[in-house]
Amino acid sequence: MTGTTLSEYESRARELLPGPVWDFLAGGSGTESAVSAGRAALDRVRLRPRVLVDVSACDTRCSLLGAPLAAPVGIAPMAYHRLVHPEGEVATARAAGDTGALFTVSMFASRTLEDIAAAATGPLWLQLYWLRRREQLTGLIRRAEDAGYRALVLTVDAPRVAHRPRDARNGFAVPAGIRAVNVDASVMSASHGGTAGESAVARHSREQFDPSITWADLAWIRERTALPLVLKGILTGEDALLAVEHGVDGIVVSNHGGRQLDCAIPAADALPEIAEAVADRCRIILDGSIRHGTDIAKALCLGAHAVFVGRPALWGLAHSGSEGVSAVLRGLSNEFDEAMALMGAVRVEDFDRSGIVHH
Ligand SMILES: Cc1cc2nc3c(=O)[nH]c(=O)nc-3n(C[C@H](O)[C@H](O)[C@H](O)COP(=O)(O)O)c2cc1C
Ligand SMILES: CCCCC(=O)C(=O)O
């Protein structure tokens, strides 16, 4: 990581960002135990290396729903990148392109889908929350198609944004001048109305997200686009099976970085039963607490095809814009390359359950 470790990016971001913005990034819901549990779950997994394999030409490349990637790594959808850097998602997109990573743009991005696409040289996906005002979704889907986004990611673990004590205490509101520019201003005016004891983000999600949607509503999206559909926030084999039965192209196994259901099972713990239920019928991505190349190796052994990285991308962005994000992503890829060599894995597909034990 060009001499700077990931934890140094984290510390620097913490120094640079206003307290309430740092809390919005770092925080979780309720007791915040699901944030630390995500890390602990990965730490419990130990690797079983194979030796005397010719690893002179390890290949970290893979493809995900048709998108070629330099390593099985993407950036998780995160709202409002301009909170941490004036260029926001445009800088993130440039870094993703430079490093061959996928970038999943949040519906609540602070730069337009078109500006992000113009800066991107690699694959983009668009993440959606299901709004009460469905015409907003229709418009976004059309714009994503026109701008060359390659898949839609519907986040299903957030019928509303959970109570996050730090944001409530801070009365967190997105600072004036930073907006979710891709949705109608009245849909996400999260820059208004934060008061001590209530976060504007949580309040607006309650007003705007449609909590009544069910599996049957997925057909509504399918009727409107031929883009691949990925569901984000699956944590059980039962729901993974329903996702497959509803014909989705991929799932993101995720507890939303500990920001939604408090005490939710960590994604890494949920992954084995999900991989078994899916039985290779759709792509599986894991997110939450991915901080090292070995975490990527562990996720692949547990049954994922790729991982998403959340907060570390924003630490890099806060630290030094596009270059910081590139450095963070490159660091992870280099570590993953080393993990492959030391595991005796030559191709990404070589990782399987025999590569790990659980403690
Ligand atoms: C600041 C922030 C904003 C986020 N915004 C979104 C979002 O708009 N949509 C979404 O599906 N997930 C969102 N997430 C969750 C991430 O996509 C991802 O699940 C989580 O951050 C992964 O964990 P990690 O940060 O430990 O890598 C957000 C996370 C953070 C930290
Ligand atoms: C309304 C923005 C929600 C962002 C989000 O999903 C998160 O903060 O985790």
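Conventions we followed
- Residues numbered from 1 in each chain as written.
- Chains lettered and ligands numbered in written order.
- Predicted model: local features only at pLDDT ≥ 70, side-chain atom pairs only at ≥ 80, totals over all residues.
- Heavy atoms only, no water.
- Helix = DSSP H or I, 4+ residues; strand = E, 2+ residues; numbered from the N terminus.
- Buried < 20%, exposed > 50% of the residue type's maximum accessible area, 1.4 Å probe, protein only.
- Phe/Tyr/Trp six-rings, centres within 6.5 Å; stacked < 30°, edge-to-face > 60°.
- Lys NZ or Arg CZ within 6 Å of the ring centre and 35° of its normal.

Engineer: What am I meant to see in the environment of Ala226 here?
Structural biologist: Assignment of secondary structure puts Ala226 in the loop between helix H9 (218-222) and strand E8 (229-234). On the accessibility criterion, Ala226 (78% relative accessible area) is exposed. Taking the C-alpha atoms as reference points, Ala226 and Ala151, 75 residues apart in sequence, are found 9.0 Å from one another.

Engineer: Looking at this structure, I do not really get the packing of aromatic side chains. What am I missing?
Structural biologist: Each aromatic ring pair is specified by the distance between its two centres and by the angle formed by the two planes. What the rule picks out here adds up to seven aromatic pairs. Ring centres 5.8 Å apart and planes at 25° place the aromatic pair Phe108 and Tyr129 in the stacked group. Highlighted residues: Phe108 in the loop between strand E5 (102-105) and helix H5 (113-119) and Tyr129 in the loop between strand E6 (124-128) and helix H6 (134-147), separated in sequence by 21 residues. Residue Tyr129 is classed as buried on the basis of its relative accessible area, which comes to 11%. For the ring pair Phe108 and Phe209, a centre distance of 6.1 Å and an interplane angle of 5° mean the geometry is stacked. Note that Phe108 is positioned in the loop between E5 and H5 and Phe209 in the loop between helix H8 (200-208) and H9, a separation of 101 residues in sequence. The pair formed by Phe108 and Phe209 is uniform in burial state, with each residue classed as buried. A connected cluster of aromatic rings, assembled from ring pairs, spans Phe108, Tyr129 and Phe209. Between the NZ or CZ atom of Arg134 and the centre of the ring of Trp220, over which it lies, the distance is 5.1 Å. We note Arg259 situated over the ring of Phe24; from NZ or CZ to the ring centre the distance is 5.0 Å.

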